[in-house]
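# Analysis of the macromolecular model
The lines below spell out each chain.
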Amino acid sequence: GGEHFSEVEDFLLTEEYPLIMKPVDSAGSDGVKLCHSFAEAKEHFHHLKRTTMVNGGECTTVLCQEYLRGKEYVVDHVSRDGVHKSVMTWLYDKKPANGASFVYFGVVPVDSESPEAKAMIPYIRAVLDVLGVRNGPSHGEIIMTEDGPCLVEMNCRAHGGDGNWQSLCSALCGGYNQVDATVDCYLNKENFNRLPDKPPSPFKASGQEVDLVSFSEGTVKATPGFDLIRKLRSFVLLESHVKPGSKVSKTVDLVTDIGNIILMHPDGDVLKEDTAFIRKLEEDNKLFEFELEGKPPRTKLSEEQHDISLVLPEALSTYKNIRKLSTADEDENELLLITAH
């Protein structure tokens, strides 16, 4: 990475494309772009340097990274005196949407005895040791490549998402989550020591996190989709900043994410059905009703939008003018009125 384009130019000229470019001073996928050519990478570098980051302030440094092919995972730990305890492993459900390459659709728990977790947990602990992280929570993101796990970034903080995952994590682990473990690591050594080395396998519950994606934009009039989601059999929690009067953009990153849902149910098929129902609401733009932006031209009113209150005054005015100009009988006036419209 570098503050000036000259500091990254050699890398961009020699690295295989596509590659990843993102601001160092931001979060939530803000400014992350998959660039397919040197020209595109150069343009995005200068774009980032001109852009105010979502957290405020300027982009001081742009990071250029090899594009790692594979699924992206998260391994969350809490450490005390160099002892690292895994509190959850997650799989990011990221897909292209609305012209963006990496849009969050959800986060899925990963069994600690799965082949992926068995490879990633010791890998992340080695990273924590190399970085000298001995105390507190951590949030390590990994791509599982053909050659094994490869670090994307290490964050010395708890898992984000406004903490909406806490109830899900507590249910999965049988009574604790990363926040609880962090309190213990600082304040109660005995409780921390009693925590298991990693989450139970199988999990004590079944569930997942769903991120809502908007494929439409405008000023929200109502949120009928939210009411339908709350009635799902696996529904636990819905958190969203969107309400009547909010302006919604098409989702391209976590900043434009429109909500977060926690689903839990002992039947995996119910989880799949409910998740599919939510995805269908998104695709059909049924989450929100939007305010009409301006009055549509009268000549282009659809049958559904047709309002006689808009047409009747004009019709009456036309009818009166015709009667003033014509001395014909009533049938002729009616004929003229029909012809005029």
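See the structure printed just above.
In this report, the structure presented in the accompanying data block is examined. (Residues numbered from 1 in each chain as written. Predicted model: local features only at pLDDT ≥ 70, side-chain atom pairs only at ≥ 80, totals over all residues. Heavy atoms only, no water.)

## Digging into the pattern of salt bridges
Tallied over the entire structure, the rule returns 11 salt bridges. For the salt bridge of Asp81 with Arg80, the shortest nitrogen-to-oxygen distance reads 3.7 Å. Looking at Asp81, the relative accessible area reads 44%, which means it is partly exposed. One salt bridge in this structure joins Glu273 and Arg233, with 3.0 Å as the shortest N-O distance. Here the residue Glu273 occupies a position in helix α8 (residues 268-283), and Arg233 occupies one in the loop between α7 (224-230) and β11 (235-239), the gap between them amounting to 40 residues. Several salt bridges share partner residues, and in doing so they unite Glu113, Lys118 and Lys198 into one network. (Salt bridge = Lys/Arg side-chain N within 4 Å of Asp/Glu carboxyl O. Buried < 20%, exposed > 50% of the residue type's maximum accessible area, 1.4 Å probe, protein only. Helix = DSSP H or I, 4+ residues; strand = E, 2+ residues; numbered from the N terminus.)

## Examining the sheet that holds strand β3 (residues 62-66)
The strand order across the open sheet formed by 3 strands is β2-β1-β3, and the pairing between neighbours is antiparallel. Whereas interior strands pair on both sides, the edge strands pair on one side only; in this sheet they are β2 (33-35) and β3. Each adjacent strand pair in this sheet contributes to an overall mean axis angle of 30°, direction not counted. In this structure, strand β1 (residues 19-23) lies alongside β3, joined through 5 bridges in antiparallel fashion. (Pairing = 2+ DSSP bridges. Axes fitted to C-alpha atoms, helices over the stretch in contact; angles between N-to-C directions.)

## Observations regarding the sheet that holds strand β14 (residues 289-290)
Taken together, 3 strands build an open sheet; the order of strands is β12-β10-β14 and the sheet is antiparallel. Sheet topology places β12 (247-248) and β14 at the edges, where each strand pairs with a single neighbour. Pairing of strand β10 (residues 218-222) with β12, which is carried by 2 bridges, proceeds in the antiparallel orientation. Residue pairing for β12: Gly218 is matched across the bridge by Val248.

## So, helix α5 (residues 178-187)
Within α5, burial applies to Gln178, Ala181, Thr182, Asp184 and Cys185. Viewed along the axis of α5, the buried residues span an arc of 165°, placing them on a single side of the element. Where α5 is buried, its residues meet β4 (71-80), β5 (83-97), β7 (136-145) and α6 (189-194). (Arc of directions from axis to C-beta. Contact = heavy atoms within 4.5 Å.)

## Thoughts on the environment of Trp90
Structurally, Trp90 is set in strand β5. In this structure the C-alpha to C-alpha distance between Trp90 and Pro109, which are 19 residues apart in sequence, comes to 4.5 Å. With residues near it in sequence (within four places) discarded, Trp90 still touches Glu72, Tyr73, Val74, Asp76, Val107, Val108, Pro109, Val110, His159, Trp165 and Leu168. One polar contact links Trp90 to Asp76, side chain to side chain, over a distance of 3.0 Å. (Polar contact = N/O pair within 3.5 Å; in protein donor to acceptor, adjacent residues only side chain to side chain.)

## Concerning the pairing of β4
For β4, the buried fraction is high: 9 of the 10 residues fall into the buried class. As paired strands, β4 and β5 are joined by 8 bridges and run antiparallel to one another. Looking at the pairing, Val75 lines up with Thr89 of β5. Between β4 and β5, which pair antiparallel one after the other, the connecting turn spans 2 residues, and Asp81 there sits at a positive phi close to 50°.

## Notes on the state of the cysteines
With the rule as written, the count across this model stands at 0 disulfides. Note on Cys35: no disulfide assigned, nearest cysteine sulfur contributed by Cys64 at a separation of 8.3 Å. (Disulfide = S-S within 2.5 Å.)

## As for the pairing of β7
Of all 10 residues making up β7, 10 are buried, and the element is well covered by its neighbours. Two strands pair when backbone bridges link them, and β4 and β7 are joined in this way by 9 bridges, in the antiparallel orientation. Bridged to Val74 within β7 is Glu141. Looking at chain direction, β7 and strand β8 (residues 148-155) are connected through 7 bridges and run antiparallel. Counterpart to Thr145 in the pairing with β8 is Gly148. The hairpin turn running from β7 into β8, its antiparallel successor, is 2 residues long.

## Quick word on the environment of Val127
When you line up the elements, Val127 lands in helix α3 (residues 115-131). Taking C-alpha positions, Val127 is 8.5 Å from Leu151, a pair spaced 24 residues apart along the chain. When sequence neighbours within four positions are dropped, the list of residues in contact with Val127 reads Leu151 and Met154.

## Some details on the nonpolar core
Counting 20 residues, the largest nonpolar core has Val78, Met88 and Trp90 as the members making the most contacts within it. Contributing elements (two or more residues each) for this core: β4, β5, β6 (100-109), α4 (166-173) and α5. Here Met88 is in contact with Val74, Val75, Asp76, Pro109, Cys169, Leu172, Cys173, Pro199 and Phe203, once residues within four sequence places are set aside. One finds Val210, Leu232, Leu271 and Ile278 within the second-largest nonpolar core, a separate group that totals 17 residues. (Core = buried A, V, L, I, M, F, W, Y, C linked by side-chain atoms within 4.5 Å.)

## Focus on the side chain of Glu141
With respect to the secondary-structure elements, Glu141 resides in strand β7. Buried charge without a salt bridge: Glu141, with Arg157 as the nearest opposite-charge side chain at an N-O distance of 5.0 Å. A distance of 3.0 Å separates the side chain of Glu141 from the side chain of Tyr92, its partner in a polar contact. (Lys, Arg positive; Asp, Glu negative; His and termini not counted.)

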